[in-house]
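Tertiary structure, described
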Amino acid sequence: MADQPQEDFGNIVSKIVNVEITRDKMQAFLVVRAPDQDQAASLTHQDLSTIIHQAGVKYGVHQDVIQEVITEKKWGERVVVAEGTAAIPGEDAQLEFSFPTEKSLKPKRLENGQLDYKEVSVVHCVEKDAVLIKKIPATKGSNGTDVLGNELPPKDGHDVVPVPGEGTYRDPEDSSLIKAKTEGVVLYSPKTVTVEVQQVYVVRESLGYSTGNLHVTSSVDIRDDVKPGLTVETPYNIQVGGVVEHATISCGGTLVVRAGIIGGDEGLIQVGGDVHCGYIHNQVLKSDGSVYVSSEIRDAHIECQDEVMVTSSHGGISGGLITATNKVSAPTIGNVSYAPTVIEVGVNSKLKEEWLTKKTAIVELESHIDDLRQKVTTIMQHASMGSEDSRLGAIKREWETNSEEMERLTKEITELETEYYSAAEPAVCVSGTVYPNTIIKIRHALYHINEELSQVVFRLEDGEISYANPSAQSRKSTEDTGSTETTESTQSRESTDDTGSTETTESTQSRESTDDTGSTETTESTQGRESTDDTGSTETTESTKDNESTEKVE
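Here we summarise the structure given alongside this text. Given the structure is predicted, the values throughout are model-derived calculations rather than measurements. (Residues numbered from 1 in each chain as written. Predicted model: local features only at pLDDT ≥ 70, side-chain atom pairs only at ≥ 80, totals over all residues. Heavy atoms only, no water.)

**Thoughts on the pattern of salt bridges**
Put simply, the test is: Every case where a carboxyl oxygen of Asp or Glu lies within 4 Å of a side-chain nitrogen of Lys or Arg is listed as a salt bridge. Under the scheme applied here, a residue whose accessible area is under 20% of the maximum for its type counts as buried, over 50% as exposed, and between as partly exposed, the area being computed with a 1.4 Å probe on protein chains only.
For the structure shown, the criterion picks out 14 salt bridges. Two residues, glutamate 72 and lysine 74, come together in a salt bridge whose shortest N-O distance is 3.7 Å. On the basis of relative accessibility, which here comes to 17%, the residue lysine 74 falls in the buried class. The network of salt bridges with shared partners includes Lys358, Glu405, Arg408 and Glu412.

**Details of the environment of leucine 351**
Rules: Secondary structure counts use DSSP, requiring at least four H or I residues in a row for a helix and at least two E residues in a row for a strand, with both numbered from the N terminus. Only heavy atoms enter the contact rule, under which two residues are in contact if any of them lie within 4.5 Å.
Note that leucine 351 resides in the loop between strand 32 (341-345) and helix 5 (352-382). Considering only alpha carbons, one finds leucine 351 and tyrosine 420, 69 residues apart in sequence, at a separation of 6.2 Å. Leaving out residues up to four positions away in the same chain, leucine 351 has contacts with Leu416, Glu419 and Tyr420.

**Quick word on the pairing of strand 18 (residues 219-222)**
Here is the rule we go by: Pairing between strands requires that DSSP locate at least two bridges from one strand to the other.
Burial of the side chains of strand 18 extends over both faces: Ser219 and Asp221 are buried on one face and Val220 and Ile222 on the other. As judged from the four bridges shared by strand 16 (residues 200-203) and strand 18, these two strands associate in the parallel manner. Bridging from a neighbouring strand, valine 203 pairs with isoleucine 222 of strand 18. Summarising the sheet, strand 18 and strand 20 (residues 238-240) pair through three bridges and their orientation is parallel. Paired with isoleucine 222 across the two strands is valine 240, which belongs to strand 20.

**Quick notes on helix 4 (residues 63-71)**
Using the following cut-off: Read the arc as the range of directions from the helix axis to the C-beta atoms.
Restricting attention to buried positions, one finds in helix 4 the residues Val65, Ile66, Val69 and Ile70. The arc that holds the buried residues of helix 4, viewed along the axis, is 140°, so those residues lie on one side. Summarising the geometry of helix 4, the exposed residues directed more than 90 degrees from the buried face are Asp64 and Thr71. Residues of helix 4 that are buried make contact with strand 2 (27-32), helix 3 (45-54) and strand 3 (78-83). Just past helix 4, the residue lysine 73 takes up positive phi, approximately 50°.

**Notes on the packing of aromatic side chains**
Selection rule: Stacked, tilted and edge-to-face are the three classes applied to pairs of Phe, Tyr and Trp rings, where Trp contributes its six-membered ring and a pair requires centres within 6.5 Å; stacked means planes under 30 degrees apart, edge-to-face means over 60, and tilted covers the rest. Only when the NZ of Lys or the CZ of Arg is both within 6 Å of the ring centre and within 35 degrees of the ring normal is a charge said to sit over the ring.
Per the stated rule, a full pass over the model turns up six aromatic pairs. For the pair tyrosine 447 and phenylalanine 458, a centre-to-centre distance of 6.3 Å together with 45° between the ring planes defines the contact as tilted. Of the two residues, tyrosine 447 sits in strand 35 (residues 445-449) while phenylalanine 458 sits in strand 36 (residues 453-461), which places them eleven residues apart along the sequence. Following the ring pairs from residue to residue traces out a cluster consisting of Phe97, Phe99 and Tyr188. Above the face of the phenylalanine 29 ring, arginine 78 is positioned so that its terminal group lies 3.7 Å from the ring centre.

So far we have only geometry, and geometry alone does not tell us how the molecule works.
Dropping the structure here:
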């Protein structure tokens, strides 16, 4: 073929060689029809390369394919002889989130395989200065080339610019980072690519199975109820517009429940600050502050570090155990059905468990030491000398060990009681009526109410509980053992006559007086008795009930 005239070469090759280029110019195909024997023998790699180039294919030619066609005589086959390089687009900007961006209402699967419909992921909390979003920038694309040698421009990656919203900021040292300005609940809007951190998380309906439990680090505003079995946990404030029912609540700040709290066998409410609510029924509640209830506390177990107060003039406390460090105030305590009610003040409820543990240990040790003492006495009385020396020695060593432990515990509880009984003037104040079957406890003292009393304040005086009507100055007291004793301090009045002698008058329901002759007579006094001193002034004294006193008439 090379010996033929040049003008005939193109005609001969064009008859047996066909080059096809695809519409997108990214591929070229070669088809060589079967030449005659002489043409096949003279056809070279260069001949085909020249024809391909003349067809306009200048890039991505597969030289090995050309040689393969000639060597293997792939006559009539349509083979890819050239391929372009596609432009490589740049990568879009990526946002790496440190929190879930989609709310999932799927129930959480527990370890036992059951589904917990209360634990659904709807909120996520972050700490202050935590990285919320990290942006990975978009990249530039790489050029491509078609088989004709034309450069193909790439598409650069799409950029995304996250917007720092309320409670967030862009790191001044690394603009690719958005961080939390404060701790709270993180919210993200994919439409506006905005992230923000809210310090108040608002639930515009009841907290139920559609919302799930809340474990957040922001204040919470629940516009309606907290449904049974749900949990709300936050180190900040919680406000509930409706009722909290059989729920678990833990907050480090103030708890406000505009309706009331209804408890049950499950559910504990722990509050770091004050509690304000309409009523509390059958609920275990612990507060590091005070508890203020509008109408009623019924069958509840409440412990607080300051005071418990029922604010309504018609409200009261009935049933349950109320413990406050400083004061309990209510219009009524107990009820007409004589529901067992225990009111305790003057103790630090946080230390109560530790105090009771040590106190119980001391009582047990005292009992054990008494047993050892009895054993020693028995052995000394009935055993022969010598044969019982080993028993006596073992008991003595045990006695010494227990005595040392007793000494240690006694010292510890003495130190503990300094803080346990730290309230300066603990009191129980009843502006209306306190009913029988109520127990008043102030520090170590105990007093059983056996009769209705009105408008009284219970305090601790000289280790005994005394009560007084603030207007009438009547008072009773009890000792540490809980036994009731009537004191002569109800209305003691000293009056001095013209001669300078002093007479003390006592008024009680039943009073025994003994004159100089030693005769005794019982005088009955009314609730109020008027006595006139030598100046002619009249004074009303109040009597206590069932109080016997002996007075020496001078």
